[in-house]
Amino acid sequence: MDIPADAEARRAIAPVICYPTDTLPQPDMVQYAAARDGMTKIDEVIAPPREAATFTVPAGHIFRISSVEGPQVGDLNLWNASDLSERFYSGKTRALHGTHITTGERMWSSFPHMRPMATVIHDSLGWYGIDAFGGSVHDVIGTRCDPYTGNLLQGDHYHHCCHSNLTRALADHLGVPLNEAEPHVHDVLNVFMCTGFTRDTGQYFMKASPVRPGDHIDFLSEIDLLGALSACPGGDCSSEHSSDAAACHPLKIEVFAPAPGALDGWSSPPPNGYDGSHGR
Ligand SMILES: [Zn+2]
């Protein structure tokens, strides 16, 4: 391998942040906190172990994902409830907010809409930060466990991966065959999952989630949402996924109406303002 004479100098150049967020429109977290104080529960759904559940949340409402019974990771998909082509965009969310999201950060939607779909307004694991391994919680770097990668690496046919769980749950919700539902399933927010990249090899890693029963993450829905959450077959993702080996627990999803009047003056964000002409 030819190493240039100025290799160290090139490596020593300091990085710049790709997307500084000083001009990113910020949510009014004081108003959102007021909406959360005094909210009223209107719905509850359980995602059973190794299964997914769907739920709907009107714009300006709150949804909470909670650990119940034992440490468990969840794979979350979000769609615009009236247009499934607008869906969560994990890659752009990562580019704007970094590898993991917490309070004050948002789940952004796909092009050409690219607007906030949901804002994290409370995270009981917000204390975790970034650990000594570079790991943190609620990642937007993984995809979702799926039977195709399992088949590639192990040659098996495991059917309760998050991808398949989400596909079945969406098909049931829409009343369509699996092959019509599957293309709508997309890269997830890995709720409660503790992940990072190894410093030496740059590989995606996971470790036992710090989540415990009672921990929860709360979101304000910015638009009318259809959500699907899979209780990952990896359980707390401390050892393996894509199998029935791990201890696996349910996850609870609750939907709340905001405190009356708290969101006065708030409005659902419009689609992205780019004119769409692409230079023509
Ligand atoms: Zn999974």
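So, how was this worked out
Residues numbered from 1 in each chain as written. Predicted model: local features only at pLDDT ≥ 70, side-chain atom pairs only at ≥ 80, totals over all residues. Helix = DSSP H or I, 4+ residues; strand = E, 2+ residues; numbered from the N terminus. Expected span 1.5 Å × (residues − 1). Contact = placed C-beta atoms within 7 Å. Pairing = 2+ DSSP bridges. Axes fitted to C-alpha atoms, helices over the stretch in contact; angles between N-to-C directions.

Draft legend 1. Region of the structure containing helix α5 (residues 162–174). With 13 residues, α5 should cover 18 Å at 1.5 Å per step; its first-to-last C-alpha distance of 18 Å lies within 8% of that length. For α5, the elements touching its buried residues are β2 (52–57), β4 (74–80), α4 (147–154), α6 (178–181) and β12 (225–231). Note on α5: the residue one or two positions beyond its end, Gly175, has a positive phi of about 70°.

Draft legend 2. Spotlight on the environment of Cys162. One can find Cys162 in helix α5. Along the chain, Cys162 and His249 lie 87 residues apart, while their C-alpha atoms are 14 Å from each other. When neighbours within four sequence positions are excluded, Cys162 is seen to be in contact with Asp75, Arg144, Cys145, Val188, Ser230 and Cys232.

Draft legend 3. Main features of the sheet that holds strand β13 (residues 251–257). Spatially, the 6 strands line up as an open sheet ordered β1-β13-β3-β11-β7-β6, and their pairing is antiparallel. Lying at the two open borders of the sheet, with one neighbouring strand each, are β1 (40–47) and β6 (106–108). Averaged over all pairs of adjacent strands, the angle between strand axes in this sheet comes to 25°, irrespective of strand direction. As judged from the 5 bridges shared by strand β7 (residues 116–123) and strand β11 (residues 216–221), these two strands associate in the antiparallel manner. Of the residues in β11, the one forming a bridge with Asp123 is Ile217. Sitting on the sheet, helix α2 (residues 29–36) is in contact with β3 (62–67), β7 and β11, with an inclination near 70° to β7.

Draft legend 4. Here's a closer look at the pairing of β13. Pairing of β1 with β13 involves 7 bridges; the strand directions are antiparallel. Looking at the pairing, Ala47 lines up with Leu251 of β13. As paired elements, β3 and β13 share 6 bridges and run antiparallel to each other. Residue pairing across strands places Ile65 opposite Ile253, the latter belonging to β13.

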